[in-house]
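If you want the building blocks of each chain, they are given just below.
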Amino acid sequence: MLHLQQYLTLEQQNEILTVCREVARQSPLFTPVMPSGKPFNCQMTSCGELGWISDTKGYRYGETHPNGKPWTPIPEMINNLAKDLANQIGESSYHPQTCLINYYQKSGKLGLHQDNSEKNLNPAIISISLGDDAIFLIGGNKRNAKTKEIIVKSGDIIILHGDSRLAFHGIKKIIPGTSSLLKNGGRLNLTIRQVY
Ligand code: MD3
Ligand code: FE
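Residues numbered from 1 in each chain as written. Chains lettered and ligands numbered in written order. Predicted model: local features only at pLDDT ≥ 70, side-chain atom pairs only at ≥ 80, totals over all residues. Heavy atoms only, no water.

## Some words on the coordination of the iron ion (ligand 2)
Moving on, step 1. Taken together, H113 (NE2), D115 (OD) and H169 (NE2) make up the full set of protein donors to the iron ion (ligand 2), lying 2.0 to 2.2 Å away.
Moving on, step 2. All donors of the iron ion (ligand 2) belong to a single chain; written as a sequence motif, their spacing is H-x1-D-x53-H.
Moving on, step 3. By relative accessible area, which is 10% here, D115 ends up buried. (Donors = N, O, S within 2.8 Å, 3.2 Å for Na, K, Ca; no water. Buried < 20%, exposed > 50% of the residue type's maximum accessible area, 1.4 Å probe, protein only.)

## Regarding the site of ligand 1
Moving on, step 1. Near ligand 1, the surroundings consist of 20 residues, among which N102, Y104, R165, H169 and R187 are the closest.
Moving on, step 2. Measuring from an oxygen atom of ligand 1, one finds a side-chain N or O atom of N102 at 3.0 Å.
Moving on, step 3. The contact in question runs from an oxygen atom of ligand 1 to an N or O atom on the side chain of R193, over 3.2 Å.
Moving on, step 4. The fraction of the free accessible surface of ligand 1 (490 Å²) that becomes covered by protein chains is 97%. (Near = heavy atom within 4 Å. Polar contact = N/O pair within 3.5 Å; in protein donor to acceptor, adjacent residues only side chain to side chain. Areas by Shrake-Rupley, 256 points an atom, 1.4 Å probe, with all protein chains shown as cover.)

## Here's the deal with the sheet that holds strand β10 (residues 157–160)
Moving on, step 1. In spatial order, the strands read β1-β10-β7-β12-β5-β2; together these six strands make up an open sheet with antiparallel pairing. Of all the strands in the sheet, just β1 (2–4) and β2 (43–48) have a single pairing partner and so form its edges. Neighbour-to-neighbour, the strand axes of this sheet turn through a mean angle of 15°, independent of strand direction.
Moving on, step 2. Judged from the four bridges that link them, strand β7 (residues 125–131) and β10 form a sheet pairing that is antiparallel. Within β10, the residue paired with S127 across the bridge is I158.
Moving on, step 3. This element, helix α2 (residues 76–88), spans β1, β5 (98–104), β7, β10 and β12 (187–193) of the sheet and lies at about 125° to β7. (Pairing = 2+ DSSP bridges. Helix = DSSP H or I, 4+ residues; strand = E, 2+ residues; numbered from the N terminus. Axes fitted to C-alpha atoms, helices over the stretch in contact; angles between N-to-C directions. Contact = heavy atoms within 4.5 Å.)

This is the structure we're talking about:
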C-alpha cells in the first residue's frame, strides 16, 4: 500500500468534487443493502462501464444503476489521474473501468472487508479521499489479523497493489468538522478499479 499524503491541490479536489456532482445527477447516490438485507452505513454510486452493486442477491459489478440507467463514463480528469498514478507504480497498461464513489455522513462507516468482486485481482485500486478526515483500518489477508489505524485526509491518495490488494480494510470513523471542502460536511471516497 502506498499512502500519498496531501497529493491533490485544493483546486484539483474541487474539480473532482464538481465532476462527482455531475455523476450523481445522472446516477444518484443510493444506500445499498448487504446480502443479509442490512443497509450500508454509507451511500454509493459509480461511473464507468461498470458499477459496483450490493443487494440481497450479492455483491457484483453491473452495467446499470439500480434505477436501470447505464452508468456515465469516468470523467476524463479522474481517468487521466488514475492512469498517471498507475504508471508511477509500473502498471503502464492500467485501464480504469469503474470509479466507485462512497459518501459518508458524520456517522458513516464501512466494516472490515476484502475487495474481491473483481475478476482480475492483479490491477491496483486507487483511492481518493475528499472532505472530512477518517480513521481507515487496514489489516492482513485474514479477517482476524491485527489492524492498523491510518488517518486519511482530504487530498490523500491510497494505492492498493501487490501484497495489500487483498488486505482486510474498512472505515472506522469519520472525524466531523475537519474539512471545509464539502459544504455539508462528511467524506467522499473514490476508488478507481480495473475489474477484468
Ligand atoms: C485496501 N472504501 O470502496 S478506500 C471500498 O474509504 C472501500 O471508502 C474505503 O474500502 C473508503 O471498497 C477505503 C481505500 C481502499 C480501497 C481498496 C482496498 C483500501 C483497500 C483494497 C484492498 C486493501
Ligand atoms: Fe474496500
